Amino acid sequence: MSTSALSPRLDTLLNTFVGALQGTLSVLLILLAGYFTARRGHLDHPTVRRLSKLCTTLFLPCLIVEQTGPQLTAARLRAVWIVPLWGLASTLLAHAVGWAGRRALPPGRLPHWTVAASGRPNSNALPLLLLQSLEGAGVLDALARPGEAPRAALGRAKSLVLLNAIVQQTFTFQVTPGIMARDGRQAQDDEEEEEEEEEESRDALRPGPGRLTAVVQDQERVGLLDDHDCDSYDSEQRRAGAGYRHALDDIVDRPDVHWPERLRPLERPLKKVWSSTSPPLIGAVVALIIGIIPPLNRQILSKDGAFYTSVTQAVANLGELFVVLQTFTVGAELAIVPSTKPGALATAWVLLVRFLVMPAVALLFVFLTAGRGFYVDDRLVWFLLVLIPAGPSAMLLVSVAELVDASQGAVAGYLTIAYMVSPLMAVVCALGLEVVSIAARRVPGV
């Protein structure tokens, strides 16, 4: 191959590497801004928690509605079905790798949070910022369809990333808390065992039948008898008094809210379904309804629609707050949550899975399947299939650890290290573009 033919490819790879590096550095700078803001005392823990919840319950659903609504038509869903399916399959595979590592090593070397950290990639903030940087570096020109503007390719890429984010968020809310809570239960069991051992040691020293103990004497009284029974009686009296303390308080007037008799059989299944939903999933349902119903699609998503300049623009403005504010909030949370050493082995294992194993799996998957008629022939989709499973773990793991009250310090410490090495994603993006170029030779005109 001639030098003139190699030069454009090398320039594209270099631009991809530089663009991805700029994107990851942008994430780091936003994280550091939130970190130092919290360190200076401008944000406290309750405020950070409320901001984080606001990002998940309001700004992310708005972003999903605004970005994915135009893409969630029946024809387009048939074309891009591989994106959410591969997102779910790769997440399950990464969790399986995490479980395998935990089983292969001696018990206790890898805590349960490493399974969640291995399996759950950052599916929204980091990919979106990376795509923005790649668009600025001109890399999306090599991934866009023939005649497609880079800005249009960026919008299409964002909608596909968010389509995967819906799957990831739903999976996280359903599975991850149960995995990470096992560390909390294990720590609680260890504390109970320690308390039992202390109690047994106290019982061994406590006066009782057949035991010879020294007489305890002070200026007030002589301890000839076992004081344990008296202490137990006094503590019971105090507990009884505490139980009746609020007996004469005002009775709170609570309305008797219940389902109508005809709808009573639906109460339990509907409550179970509602408990399984999440705000991003609700945003996806709203976006799907708007996308597949032509009148709503025209009135809300079309620039000539009646609601475009008011409702749609308001939703878009709220959605644009998500990426930066979510990253900023996580940086502040990493500063507030007391981080502990996650352990060299645990950190090395999760980083190995996230930055080596899963990128290698994604590159191999695209290399073997892209351009062979299994799914859509689209360079941008192929590139996103490489990007989706790779990179640092989700920032949401800090909130999940706090929710289940387990391994908060270790997770915060690991995420700090993971995002410090996130510029490695530049290598993944450059390799992904090369694999996409190889696969594109199989399909003329792609």
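Residues numbered from 1 in each chain as written. Predicted model: local features only at pLDDT ≥ 70, side-chain atom pairs only at ≥ 80, totals over all residues. Heavy atoms only, no water.

Draft legend 1. Just the packing of helix 10 (residues 279-292) against helix 11 (residues 294-301), in detail. Between helix 10 and helix 11, the least distance of the axes is 5 Å, while the angle of their chain directions is 105°. Classed by the angle they form, the pair helix 10 and helix 11 counts as roughly perpendicular. Seen from helix 10, the contacting residues are Ile289, Ile290, Gly291 and Ile292; seen from helix 11, they are Pro294, Leu296, Asn297, Ile300 and Leu301. Looking at the contact of helix 10 with helix 11 residue by residue, the class counts come to seven nonpolar, two polar and no charged. (Axes fitted to C-alpha atoms, helices over the stretch in contact; angles between N-to-C directions. Helix = DSSP H or I, 4+ residues; strand = E, 2+ residues; numbered from the N terminus. Parallel < 35°, antiparallel > 145°, perpendicular 65-115°, else oblique. Contact = heavy atoms within 4.5 Å. Nonpolar A, V, L, I, M, F, W, Y, C, P; charged D, E, K, R; others polar.)

Draft legend 2. The packing of aromatic side chains, seen in detail. All chains considered together, the criterion is met by four aromatic pairs. For the ring pair Trp113 and Tyr414, a centre distance of 5.6 Å and an interplane angle of 40° mean the geometry is tilted. Of the two residues, Trp113 sits in helix 5 (residues 113-119) while Tyr414 sits in helix 16 (residues 408-420), which places them 301 residues apart along the sequence. Linked through ring pairs, Trp86, Phe365 and Tyr375 together constitute an aromatic cluster. Here Arg442 stacks its cationic end above the ring of Phe367, 5.4 Å away from the centre of that ring. (Phe/Tyr/Trp six-rings, centres within 6.5 Å; stacked < 30°, edge-to-face > 60°. Lys NZ or Arg CZ within 6 Å of the ring centre and 35° of its normal.)

Draft legend 3. Empty space enclosed by the protein, seen in detail. Under the defined criterion, the tally for this structure stands at four cavities of 30 Å³ or more. What lines the largest cavity is Thr56, Arg120, Asn122, Ser123, Asn124, Gln169, Phe322, Gln326, Ala394, Met395 and Leu396. Its residues placed into classes, the lining of the largest cavity shows four nonpolar, six polar and one charged. (1 Å grid on protein atoms, 1.4 Å probe; cavity = no way out; pocket = protein on both sides within 12 Å on 5 of 7 lines; lining within 4 Å. Points joined across faces, edges and corners; volume = space filled by probe spheres on them.)

Draft legend 4. Structural detail: helix 16. For helix 16, spanning 13 residues, the distance from its first C-alpha to its last is 18 Å, which sits close to the expected 18 Å at 1.5 Å a residue. Of the residues making up helix 16, those classed as buried are Gly409, Ala410, Val411, Ala412, Gly413, Tyr414, Leu415, Ala418 and Tyr419. (Expected span 1.5 Å × (residues − 1). Buried < 20%, exposed > 50% of the residue type's maximum accessible area, 1.4 Å probe, protein only.)

Draft legend 5. Broad picture of the layout of surface pockets. Approximately 850 Å³ is the volume found for the largest pocket. The wall of the largest pocket is formed by 30 residues, among which Glu66, Gln67, Gly155, Arg156 and Lys158 lie closest to the centre. Among the elements that line the lining of the largest pocket, the one with the most residues is helix 12 (residues 308-336), at eight residues. Looking at the lining of the largest pocket residue by residue, the classes come out as 14 nonpolar, seven polar and nine charged. Size it by volume and the second largest pocket reaches roughly 510 Å³. Lining the second largest pocket are 14 residues, and of these Lys53, Phe173, Leu396, Ser399 and Leu403 lie nearest its centre.

Draft legend 6. Broad picture of helix 15 (residues 396-404). Along helix 15, the residues classified as buried are Leu396, Leu397, Val398, Val400, Ala401 and Glu402. Just beyond helix 15, the residue with positive phi is Asp405, at close to 55°.

Draft legend 7. A look at the environment of Asn124. Structurally, Asn124 can be placed in the loop between helix 5 and helix 6 (125-136). Judged by relative accessible area, Asn124 falls into the buried class, the value being 8%. Taking the C-alpha atoms as reference points, Asn124 and Met395, separated by 271 residues in sequence, lie 9.8 Å from one another. In contact with Asn124, other than residues within four places in its own chain, are Leu60, Ala165, Gln169 and Phe322.

Draft legend 8. Layout of the packing of helix 2 (residues 45-68) against helix 12. Close contact between helix 2 and helix 12 brings their axes to 7 Å; oriented N to C, the two are set at 150°. Classed by the angle they form, the pair helix 2 and helix 12 counts as roughly antiparallel. The handedness of the crossing between helix 2 and helix 12 is left-handed. Here the contact of helix 2 with helix 12 is composed, by residue class, of 17 nonpolar, five polar and two charged. (Left-handed = near helix turned anticlockwise from the far one by under 90°.)

Draft legend 9. Structural context of the pattern of salt bridges. What the rule picks out here adds up to three salt bridges. A salt bridge links Asp378 to Arg145; its shortest N-O distance comes to 3.3 Å. Residue Asp378 is located in the loop between helix 13 (344-369) and helix 14 (379-387), and its partner Arg145 is located in the loop between helix 6 and helix 7 (150-205); the two are separated by 233 residues in the primary sequence. Relative accessible area serves as the criterion here: at 44%, Arg145 is assigned to the partly exposed category. Salt-bridge contacts for Arg156 lead to Glu148; the nearest nitrogen and oxygen are separated by 2.9 Å. Each member of the pair, Arg156 together with Glu148, is buried. (Salt bridge = Lys/Arg side-chain N within 4 Å of Asp/Glu carboxyl O.)

Draft legend 10. Broad picture of the side chain of Gln168. Residue placement: Gln168 occurs in helix 7. By relative accessible area, Gln168 is classed as buried at 1%. Ignoring sequence-local partners within four residues, the contact set of Gln168 consists of Gly87, Thr91, Arg120, Pro121 and Ser123.

Draft legend 11. Structural view of the side chain of Thr91. Within the fold, Thr91 resides in helix 4 (residues 82-104). With near-sequence residues (within four places) excluded, Thr91 lies in contact with Gly119, Pro121, Gln168 and Phe171.

Draft legend 12. Quick peek at the environment of Gly445. Mapped onto the fold, Gly445 is located in the segment after helix 17 (425-440). Under the relative-accessibility criterion, Gly445 is labelled exposed at 67%. Separated by 300 residues in the primary sequence, Gly445 and Arg145 place their C-alpha atoms 9.4 Å from one another.

Draft legend 13. Local environment of the environment of Met425. Mapped onto the elements, Met425 comes out in helix 17. Given the relative accessible area of 1%, Met425 is considered buried. Spatially, the C-alpha atoms of Met425 and Thr24 are 7.4 Å apart, while their sequence positions differ by 401 residues.

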